[in-house]
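Geometric and topological summary
Read off the chains here:
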Amino acid sequence: MNRQLRKLIQIFLPVLLLAFVMAGCGPNVIKGRPPFISISGMSLTDGELSAVFDISNQNGVPMSITSIDITVTVRDAEITRYNQDFQLVIDTNSTEEVSVDKLPDDFTQTLLASLDKGDLNSLPFDLKGMVNTVEDGFLNFENTGYLYPVPGKPGHYRSAVTQSKGLRREDRL
């Protein structure tokens, strides 16, 4: 091998290796992930059920939501639902809140009263839904968790999400 070729390889090979390392270390921006939605609080006061949902953008880019559908079920009974068109922009890795007020049915009131009285330690729930975003279209989410009474605050409940499942993008025609 002649000297010029060897010198060229000695210069070119480290530069090429450095380029590969730099490309591998570059930012990996997360896109297209559904928001993580959880119940940040729930209360039953004067026969009205209020729920506050945290909507967390887990993407590396802002998320522009144009509609949302959130349903919370306990023992196959819908205890609250929020289905609405609206404009909500959530910054990168940020969280916004949405509040829902509704008149609960007798079954829901009985379940929550059982929590307040201590007949039940917790209530397993399913939180399912979908958001429509400008960036990625329809994105589904599904979480399971438990509702617990807030100690010393009758009629107030908090949640713990134990598992997120079914996070997927849905292509609609």
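Look a little higher up for the structure.
So, here's what we can say about the structure. For clarity, every value in this text was computed on a predicted model and none was experimentally measured.

When you go through the chain residue by residue, the secondary structure sums to two helices and eight strands. At a minimum sequence separation of 6, the contacts of the chain that also span at least 24 residues come to 59%. For the chain, the exposed surface amounts to about 10,500 Å²; the carbon and sulfur share of it is 52%.

With 31 residues, the main nonpolar core has I37, F53, L127 and L147 as its most contacted residues. Sorting the residues of this core by element identifies strand 1 (36-45), strand 2 (48-56), strand 3 (63-74), strand 4 (77-90), strand 5 (95-102), helix 2 (106-117), strand 6 (123-133) and strand 7 (137-149) as the ones contributing at least two each. Considering each element in turn, this core owes the most residues, six residues, to strand 3. If we skip the residues at most four places from it in the chain, I37 touches F53, D54, I55, I68, I70, L127, V131, F141 and N143.

When strand 6 meets strand 7, the two strands line up antiparallel, connected through 11 bridges. Among the inter-strand pairings, V131 is bridged to a residue of strand 7, identified as L139. Count of turn residues in the strand 6/strand 7 antiparallel hairpin: three residues.

Once that is clear, we can look at helix 2. For helix 2, spanning 12 residues, the distance from its first C-alpha to its last is 16 Å, which sits close to the expected 16 Å at 1.5 Å a residue. The complete set of buried residues in helix 2 reads T108, L111, L112, S114 and L115. Relative to the axis of helix 2, the buried residues are bounded by an arc of 150 degrees and lie together on one face. Exposed residues pointing more than 90 degrees away from the buried face of helix 2 are listed as D106 and K117. Two residues or fewer past helix 2, G118 is found with a positive phi of approximately 90 degrees.

Reading the values: rules and limits
- Residues numbered from 1 in each chain as written.
- Predicted model: local features only at pLDDT ≥ 70, side-chain atom pairs only at ≥ 80, totals over all residues.
- Heavy atoms only, no water.
- Helix = DSSP H or I, 4+ residues; strand = E, 2+ residues; numbered from the N terminus.
- Contact = heavy atoms within 4.5 Å.
- Areas by Shrake-Rupley, 256 points an atom, 1.4 Å probe, with all protein chains shown as cover.
- Core = buried A, V, L, I, M, F, W, Y, C linked by side-chain atoms within 4.5 Å.
- Buried < 20%, exposed > 50% of the residue type's maximum accessible area, 1.4 Å probe, protein only.
- Pairing = 2+ DSSP bridges.
- Expected span 1.5 Å × (residues − 1).
- Arc of directions from axis to C-beta.

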